[in-house]
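Residue-level listing of the chains:
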Amino acid sequence: MTGALIILAVTILTGLILYLTRGKSAATTPDNTPADTTTPENGEEEEEVCCGRHAVCEKGLLKPEELYYDDEELDRFSGREPGAYTPEEIEEFREILYSLAPGEVYSWGVALTQRNVPLPEPLRDEWIMLCDQPA
């Protein structure tokens, strides 16, 4: 019972410390509003910093015009449901997927998403495994 009370006291103390120090980060102004991190004072454009509020940060993703892969034939699948592909169409996606360099796999998936071309369901796990491989 004494151990449980000690753990409870430590938890409450930690929570109190976190509550009292919240909002004092360098990214906030004195009125506790987010500071502008995209416009530096010297006039040069600075790279955006992730806000940390989302599970996946998309600020590092390339713009659609920067992503280009020689796969315009896949644009005919735009708007299709991921489970509605025929085996021949899935094999067409697979051929392109396995012809990519290891460093291009993730950005190819992003390019497909930006063009509203869903990856076939059977290839999603393969794409994820190939994304995790070092370049």
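Residues numbered from 1 in each chain as written. Predicted model: local features only at pLDDT ≥ 70, side-chain atom pairs only at ≥ 80, totals over all residues. Heavy atoms only, no water.

Draft legend 1. Structural context of the overall build of the protein chain. Along its length, the protein chain carries 4 helices and 0 strands. Partitioning the contacts of the protein chain with sequence separation of at least 6, the portion at a separation of at least 24 is 60%. (Helix = DSSP H or I, 4+ residues; strand = E, 2+ residues; numbered from the N terminus. Contact = heavy atoms within 4.5 Å.)

Draft legend 2. How the structure looks around the packing of helix α3 (residues 105-114) against helix α4 (residues 121-131). In contact at an axis separation of 8 Å, α3 and α4 are set at 135° when each is read in the N-to-C sense. When the axis of α3 is compared with that of α4, the two are oblique. Facing α3, whose interface residues are Val 105, Tyr 106, Trp 108 and Gly 109, α4 presents Trp 127, Leu 130 and Cys 131. Its residues assigned to classes, the contact of α3 with α4 comprises 6 nonpolar, 1 polar and no charged. (Axes fitted to C-alpha atoms, helices over the stretch in contact; angles between N-to-C directions. Parallel < 35°, antiparallel > 145°, perpendicular 65-115°, else oblique. Nonpolar A, V, L, I, M, F, W, Y, C, P; charged D, E, K, R; others polar.)

Draft legend 3. Structural context of the nonpolar core. Grouped together as the largest cluster of nonpolar side chains are 16 residues, with contacts concentrated most on Leu 74, Phe 93, Trp 108, Leu 112 and Leu 119. Those elements that provide at least two residues to this core are α2 (87-99), α3 and α4. Tallying contributions element by element places α2 first for this core, with 4 residues. In this structure, Phe 93 is in contact with Leu 74, Phe 77, Tyr 85, Trp 108, Leu 112, Val 117, Pro 118, Leu 119, Pro 120 and Leu 123, ignoring residues within four places of it in sequence. (Core = buried A, V, L, I, M, F, W, Y, C linked by side-chain atoms within 4.5 Å. Buried < 20%, exposed > 50% of the residue type's maximum accessible area, 1.4 Å probe, protein only.)

Draft legend 4. Spatial organisation of the side chain of Glu 89. The topology assignment puts Glu 89 in helix α2. When its relative accessible area of 15% is taken as the criterion, Glu 89 is described as buried. Separated by 2.4 Å, the side chains of Glu 89 and Arg 80 make a polar contact. Looking at Glu 89, its side chain comes within polar contact range of the main-chain nitrogen of Thr 86, at 3.0 Å. Other than its neighbours up to four places away in sequence, Glu 89 contacts Phe 77, Arg 80 and Ala 84. (Polar contact = N/O pair within 3.5 Å; in protein donor to acceptor, adjacent residues only side chain to side chain.)

Draft legend 5. Up close: the packing of α2 against α3. Across the interface, α2 lies against α3 with an axial gap of 9 Å and an inter-helix angle of 140°. One element, α2, and the other, α3, form an angle in the oblique class. Our pair here, α2 against α3, has a crossing hand that is right-handed. The segment α2 lies against α3, with Phe 93, Ile 96 and Leu 97 engaging Val 105, Trp 108 and Leu 112. In terms of residue class, the contact of α2 with α3 is built from 6 nonpolar, no polar and no charged. (Left-handed = near helix turned anticlockwise from the far one by under 90°.)

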